[in-house]
Amino acid sequence: MTEKFSKMQQQFLCCYPVNKMSWSSVKLPMDWDEQKALIAATCGHPLNERYPVRASYQEAFVKRLMQLLKDHEELHDDLFSSLTSQKCEQQDKDFAYKHYLLLQPDAHITLRESISFVNEGTTGLCTWEAALALADYLMQHSDVVKGKNIVELGAGTGLIGILLKLPELGFDAGQILLTDGSASCVQLMRDNVALNFPKTPKEATPQCEQLRWDEVQDFPWQQYAKTDLVLAADVIYDDSQFDALLDALDHLFTSRGNCLEMLLASTVRNVDTLHKFMEQLTNREYKVTPCANVSACVSHFCRDHTAAVQIISIKR
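Residues numbered from 1 in each chain as written. Predicted model: local features only at pLDDT ≥ 70, side-chain atom pairs only at ≥ 80, totals over all residues. Heavy atoms only, no water.

As recorded in an unreviewed UniProt entry, the protein chain goes by the name Blast:Protein FAM86A, listed as coming from Drosophila guanche.

This is the structure we're talking about:
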């Protein structure tokens, strides 16, 4: 019976907004066993019991479900216990977990993330919409990464690098180097890599290092495989960082004789900011090609498809 709630399960485990969940798939009235099955598929899922989502999210989910069942004579005891159990268990007030269930059997990514958008002076401790969109794009276009040594800039929680190394998905990517300018993000990435690859030799998992864009020339590139592809998501929201980012790109492209490609995903928050970055790319003789977003009907991730995300290919 749990299978009938698979979409709700996928949405709950990645903390998809409660008001946007697939409540229409819940057929009323729900008998005792159906209520139990829905709670087992969500709050009672083994991933959530071991690595719980944030308590406030679970509370909002259960209260919304109880509101849906308000005309039922009986509510399952598991509904009430789900309201209180996680509050007692969640001891970390700053971090919680999200679980991204993919369409392939048993393929999932578990990420420890900040509960707040801004934490420890950085926005990189939680996964943003553009990263999910880029991950979706790579799932649809796996040939882009096959055999490629990849560097991700501003990798944040490490979602994309972890995705590309999941053996169930068969990306067959080369070395993955995840970088971020924040030491807190780098430590979080390392924690998330260890969480998702507990038995995999370290050399076969994504590598995580701190890289400040204005210090790109000082980075020990010789210790890593030559870069074939650069990835980045949600890194151009602050135009004060454009020069440092573009200088870093110049260094990476020049070091590879311009035989390099970058895929950049950006949430369109301010059209002028985005346009300014595109102009500066053109001024530095980069060629920009738009990439098609993955439509909601074939998306592998539960994400807000109403949010405008632009994915571009950058070459020179």
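Once the structure has been displayed, the description carries forward.
A.B. asks: An account of the environment of Arg316 is needed here, citing residue identities and associated values.
C.D. replies: Position of Arg316 relative to the elements: it lies in the segment after strand 9 (309-315). As for Arg316 and Gly257, which are separated by 59 residues in sequence, their C-alpha atoms are 9.3 Å apart. Each residue touching Arg316, except ones within four places of it in the same chain, is listed here: Asp250, Phe253, Thr254, Asn258, Arg284, Glu285 and Tyr286. In terms of polar contacts, Arg316 uses its side chain to reach the side chain of Asp250, at 3.2 Å. (Helix = DSSP H or I, 4+ residues; strand = E, 2+ residues; numbered from the N terminus. Contact = heavy atoms within 4.5 Å. Polar contact = N/O pair within 3.5 Å; in protein donor to acceptor, adjacent residues only side chain to side chain.)

A.B. asks: Before we move on, can you summarise the sheet that holds strand 9 with the specific residues and values?
C.D. replies: With mixed pairing, the 7 strands of this open sheet are ordered in space as 5-4-3-6-7-9-8. For this open sheet the edge positions go to strand 5 (207-210) and strand 8 (287-291), each flanked by a neighbour on one side alone. Averaged over neighbouring strand pairs, the angle between their axes works out to 20° when direction is ignored. Alignment of strand 6 (residues 229-233) against strand 7 (residues 261-267), held across 5 bridges, turns out to be parallel. Counterpart to Val230 in the pairing with strand 7 is Met262. Where helix 9 (residues 242-255) meets the sheet, its contacts fall on strand 3 (150-153), strand 6, strand 7 and strand 9, and the angle it forms with strand 7 comes to roughly 160°. (Pairing = 2+ DSSP bridges. Axes fitted to C-alpha atoms, helices over the stretch in contact; angles between N-to-C directions.)

A.B. asks: Before we move on, could you go through the packing of helix 9 against helix 10 (residues 271-283) and cite the residues and values that matter?
C.D. replies: Running from amino to carboxyl end, helix 9 crosses helix 10 at an angle of 35°, the nearest separation of the two axes being 11 Å. For the element pair helix 9 and helix 10, the recorded crossing hand is right-handed. Residues Phe242, Asp243, Leu245, Leu246 and Leu249 of helix 9 touch helix 10, and the partners they reach there are Thr273, Lys276, Phe277, Gln280 and Leu281. In terms of residue class, the contact of helix 9 with helix 10 is built from 6 nonpolar, 2 polar and 2 charged. (Left-handed = near helix turned anticlockwise from the far one by under 90°. Nonpolar A, V, L, I, M, F, W, Y, C, P; charged D, E, K, R; others polar.)

A.B. asks: Account for the packing of aromatic side chains, with residues named and values stated.
C.D. replies: For the structure shown, the criterion picks out 9 aromatic pairs. Counting every residue linked through ring pairs, the aromatic cluster contains Phe12, Trp23, Tyr57 and Phe61. Residue placement shows Arg112 over the ring face of Phe95; its charged tip is 4.1 Å from the ring centre. (Phe/Tyr/Trp six-rings, centres within 6.5 Å; stacked < 30°, edge-to-face > 60°. Lys NZ or Arg CZ within 6 Å of the ring centre and 35° of its normal.)

A.B. asks: Requested: an account of unusual backbone geometry, with residues and values cited.
C.D. replies: Omega for the bond connecting Leu28 with Pro29 falls within 30 degrees of zero, at -5°, which places this linkage in the cis form. Look at Asn258: it is not a glycine, yet its phi comes out positive at around 65°. Positionally, Asn258 belongs in the loop between helix 9 and strand 7. Judged by its relative accessible area of 30%, Asn258 is partly exposed. (Buried < 20%, exposed > 50% of the residue type's maximum accessible area, 1.4 Å probe, protein only.)

A.B. asks: An account of helix 9 is requested, with residue identities and associated values reported.
C.D. replies: Taking 1.5 Å per residue as the helical rise, helix 9 with its 14 residues ought to reach 20 Å, and the 20 Å between its terminal C-alpha atoms agrees with that figure. Within helix 9 the residues assigned to the buried category are Phe242, Ala244, Leu245, Leu246, Ala248, Leu249, Asp250, Leu252 and Phe253. Contacts made by the buried residues of helix 9 are with strand 3, strand 6, strand 7, helix 10 and strand 9. (Expected span 1.5 Å × (residues − 1).)

A.B. asks: Go over the confidence of the model for the protein chain with me, naming the residues and quoting the values.
C.D. replies: Low-pLDDT portions of the prediction should not be read for the details of their coordinates. The pLDDT averaged across the protein chain works out to 91; a share of 93% of its residues lies at or above 70. A low-confidence stretch, residues 118-124 (pLDDT under 50), is modelled with 17 contacts involving residues beyond four sequence positions or located in other chains. (pLDDT = per-residue confidence, 0-100.)

A.B. asks: Give a detailed account of the pairing of strand 3, specifying residues and quantitative values.
C.D. replies: Here strand 3 shows a buried face lined by Ile150 and Glu152 and a second buried face lined by Val151 and Leu153. When strand 3 meets strand 4 (residues 176-180), the two strands line up parallel, connected through 3 bridges. When the sheet's bridge partners are listed, Glu152 is paired in strand 4 with Leu178. Handedness of the crossover joining strand 3 and strand 4 through helix 7 (residues 159-164): right-handed. (Right-handed = clockwise from strand over helix to strand, strands pointing away.)

A.B. asks: Describe in detail the pattern of salt bridges, supporting the description with residues and values.
C.D. replies: If you walk through the whole model with that rule in mind, you get 14 salt bridges. Ionic pairing is found between Lys98 and Glu113, a salt bridge with its closest N-O pair at 3.5 Å. With a gap of 15 residues between them, Lys98 in strand 1 (residues 95-101) and Glu113 in strand 2 (residues 108-114) connect regions that are remote in the sequence. Glu113 shares its class with Lys98; the two are buried. Salt bridges linked by common partners bring Asp247, Asp250, Arg284 and Arg316 together as one network. (Salt bridge = Lys/Arg side-chain N within 4 Å of Asp/Glu carboxyl O.)

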